[in-house]
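Given next are the chains, with one letter for each unit.
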Amino acid sequence: MKELVEVIAKALVDKPDEVVVTQKEEGRNVIVELHVAQEDMGKVIGKQGRIAKAIRSVVKAASSRDNKRVDVEIV
């Protein structure tokens, strides 16, 4: 899941070299944290959070085949 979030985020931002994705696993739960440059935060979140919601939906769909619950946090 980490790689999926990283590829999506790097495609959205102006400074792809500042994208950092970390992943923590706690049993069946996985937390993916996405760090981007401050000026790219709006591009990752989108108007009314639409892009962030879309990223979460794609990751949720990809994680359903692994029987894991994945949360994406934008920090």
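Residues numbered from 1 in each chain as written. Predicted model: local features only at pLDDT ≥ 70, side-chain atom pairs only at ≥ 80, totals over all residues. Heavy atoms only, no water.

Peer 1: Summarise the overall build of the chain; cite the residues concerned and give the values.
Peer 2: When you go through the chain residue by residue, the secondary structure sums to 3 helices and 3 strands. Ordering the α and β elements of the chain from the N terminus gives α-β-β-α-α-β. Its C-alpha radius of gyration of 12 Å places the chain within 12% of the 11 Å reference for a compact globule of 75 residues. C-alpha extents for the chain along the principal axes are approximately 35 × 25 × 15 Å. The 75 residues of the chain split such that 32% are buried. Counting contacts in the chain only where the partners sit at least 6 residues apart, residues at least 24 apart contribute 52% of the total. Carbon and sulfur atoms make up 50% of the accessible area of the chain, which amounts to about 4,900 Å² in all. Averaged over its 14 positive side-chain charges, the chain has a centre that lies 7 Å from the centre of its 13 negative ones. (Helix = DSSP H or I, 4+ residues; strand = E, 2+ residues; numbered from the N terminus. Rg over C-alpha atoms; globule rule 2.2 N^0.38 Å. Buried < 20%, exposed > 50% of the residue type's maximum accessible area, 1.4 Å probe, protein only. Contact = heavy atoms within 4.5 Å. Areas by Shrake-Rupley, 256 points an atom, 1.4 Å probe, with all protein chains shown as cover. Lys, Arg positive; Asp, Glu negative; His and termini not counted. Charge placed at Lys NZ, Arg CZ, Asp CG, Glu CD.)

Peer 1: Tell me what's going on with the sheet that holds strand β3 (residues 69–74), and back it up with residues and numbers.
Peer 2: As summarised here, the arrangement of the 3 strands in space is β1-β2-β3, forming an open sheet in which the pairing is mixed. The sheet is open, and its two borders are formed by β1 (20–26) and β3, each paired with just one other strand. Taking each pair of neighbouring strands and ignoring which way they run, the sheet shows an average axis angle of 20°. The pairing of strand β2 (residues 29–35) with β3 spans 6 bridges and is parallel. Pairing of Ile-31 across the sheet is with Asp-71, part of β3. Lying on the sheet, helix α1 (residues 2–12) is in contact with β1, β2 and β3; it crosses β1 at an angle near 155°. (Pairing = 2+ DSSP bridges. Axes fitted to C-alpha atoms, helices over the stretch in contact; angles between N-to-C directions.)

Read these as layout, nothing more, since geometry by itself doesn't imply function.
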